[in-house]
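# Remarks on the overall topology
Read off the chains here:
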Amino acid sequence: MTPEAKIDPTLNEPDMGHDYDGIRELDNKLPFWWQAIFYLTIIFSFGYWAYYHVLDIGPDQWQRYEAELARAEADAASRSAGKAELSDELLLAYSQDSAKVAAGQADYTTFCVPCHGANGEGGIGPNLTDPYWIHGAKPMEIHKIVSEGVATAGMPAWKSVLGDTRVEQVVAYVLTLKGKNVPGKEPQGEKVEE
Ligand code: HEC
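An account of the accompanying structure is given in this report. (Residues numbered from 1 in each chain as written. Predicted model: local features only at pLDDT ≥ 70, side-chain atom pairs only at ≥ 80, totals over all residues. Heavy atoms only, no water.)

### What to know about the packing of aromatic side chains
- One pass over the full model with this rule turns up eight aromatic pairs.
- Here Y51 and Y52 contribute two aromatic rings whose centre-to-centre distance is 4.9 Å and whose plane-to-plane angle is 85 degrees, an arrangement assigned as edge-to-face.
- When the ring of Y108 is compared with that of Y173, the centres are 5.2 Å apart and the planes differ by 55 degrees; the resulting orientation is tilted. Placement of Y108 in helix α4 (residues 98-116) and of Y173 in helix α6 (residues 159-177) is noted, with a sequence separation of 65 residues between them.
- In this structure Y108 comes out as buried when scored by relative accessible area, which is 1%.
- Judged by its relative accessible area of 9%, Y173 is buried.
- A network of ring pairs unites the aromatic residues F44, Y48, Y51 and Y52 as a single cluster.
- Sitting over the face of the ring of Y94, K100 holds its NZ or CZ atom 4.5 Å from the ring centroid. (Phe/Tyr/Trp six-rings, centres within 6.5 Å; stacked < 30°, edge-to-face > 60°. Helix = DSSP H or I, 4+ residues; strand = E, 2+ residues; numbered from the N terminus. Buried < 20%, exposed > 50% of the residue type's maximum accessible area, 1.4 Å probe, protein only. Lys NZ or Arg CZ within 6 Å of the ring centre and 35° of its normal.)

What follows is the structure, given as structure tokens:
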């Protein structure tokens with residue numbers, strides 16, 4: 001089959017007269033939509049060039065990167081500021097927060113029940129529901145014992161196991177046990193009137 005055999009004279013195509021292995025080069029007019037998009041991209045490029053390079057209005061990659069870093073630093077700062085504010089009041093508020101208390105109860109069931117009993121009545125560890133406390137009954141005092149433990153007395157430190165958030169949650173749950181006076185282990189420590 002010769003290349004000429006493929007040319008369809010009824011199409012009236014503007015043939016450039018180049019033929020490569022049967023592939024002819026034509027010079028068709030480009031569709032209007034195609035040309036419109038093409039010229040629009042050229043117009044757009046002037047605007048883009050002016051916005052980012054000449055007038056310097058738009059942020060470049062470095063400025064965006066630095067803005068992102070600054071935002072991350074501000075986030076970190078506000079997070080640690082939030083932690084530093086941990087207080088009796090905040091822990092008491094957590095003990096009113098059913099989601100935190102439920103999360104704390106789940107960890108209590110897993111980690112604390114063997115020593116403090118299913119209802120906080122005590123066993124190896126002291127009764128957490130009676131008014132007697134060895135290390136103090138204030139939320140921050142309980143938080144300290146749960147975080148740091150009492151190595152000499154067999155109370156583990158939980159901060160390294162559970163992390164800050166879960167320690168706060170389990171303390172929130174322990175605060176809900178306070179004053180329930182579940183019969184169990186005999187009183188230990190000082191009676192705390194609240
Ligand atoms: C291996 C046993 C054990 C486990 C597990 C344990 N505790 Fe204790 N806990 C103790 C002992 C023993 C003490 C008493 C420490 C002392 O005499 O100074 C104690 C003390 C405490 C106190 C202070 C009580 C007071 O009278 O001042 C709190 C609060 C407490 N534990 C909470 C927890 C929580 C919450 C968990 C789980 C995350 C937990 N404990 C897991 C053994 C344990």
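Now that the structure is up, let's keep going.
### Quick word on the layout of surface pockets
- Empty space within the largest pocket amounts to approximately 550 Å³.
- Every residue lining the largest pocket is counted, 28 residues in all, and those nearest its centre are H116, P126, L128, I145 and M155.
- For the lining of the largest pocket, the elements supplying multiple residues, two or more each, are α4, β3 (132-133), α5 (139-148) and α6.
- In terms of residue count, the dominant contributor to the lining of the largest pocket is α4 (five residues).
- By residue class, the composition of the lining of the largest pocket is 20 nonpolar, seven polar and one charged. (1 Å grid on protein atoms, 1.4 Å probe; cavity = no way out; pocket = protein on both sides within 12 Å on 5 of 7 lines; lining within 4 Å. Points joined across faces, edges and corners; volume = space filled by probe spheres on them. Nonpolar A, V, L, I, M, F, W, Y, C, P; charged D, E, K, R; others polar.)

### Considerations on the environment of T41
- Structurally, T41 is set in helix α1 (residues 32-54).
- Classification of T41 by relative accessible area gives partly exposed; the value is 44%.
- At 2.5 Å, the side chain of T41 and the backbone oxygen of F38 are in polar contact. (Polar contact = N/O pair within 3.5 Å; in protein donor to acceptor, adjacent residues only side chain to side chain.)

### Examining the nonpolar core
- Counting 24 residues, the largest nonpolar core has Y108, I142, V146 and V171 as its most contacted members.
- In terms of residue count, the dominant contributor to this core is α6 (nine residues).
- Beyond its immediate stretch of four places on either side in the chain, V171 contacts L91, P139, I142, H143 and V146. (Core = buried A, V, L, I, M, F, W, Y, C linked by side-chain atoms within 4.5 Å. Contact = heavy atoms within 4.5 Å.)

### A word on the packing of α4 against α6
- Running from N to C, α4 and α6 point in directions that differ by 95 degrees, and their axes come no closer than 7 Å. As far as their axial angle goes, α6 and α4 are roughly perpendicular. The segment α4 lies against α6, with K100, V101, A103, G104, Q105, D107, Y108, F111 and C112 engaging L162, R166, Q169, V170, A172, Y173, V174, T176 and L177.
- Counted by class, the contact of α4 with α6 contains eleven nonpolar, four polar and three charged residues. (Axes fitted to C-alpha atoms, helices over the stretch in contact; angles between N-to-C directions. Parallel < 35°, antiparallel > 145°, perpendicular 65-115°, else oblique.)

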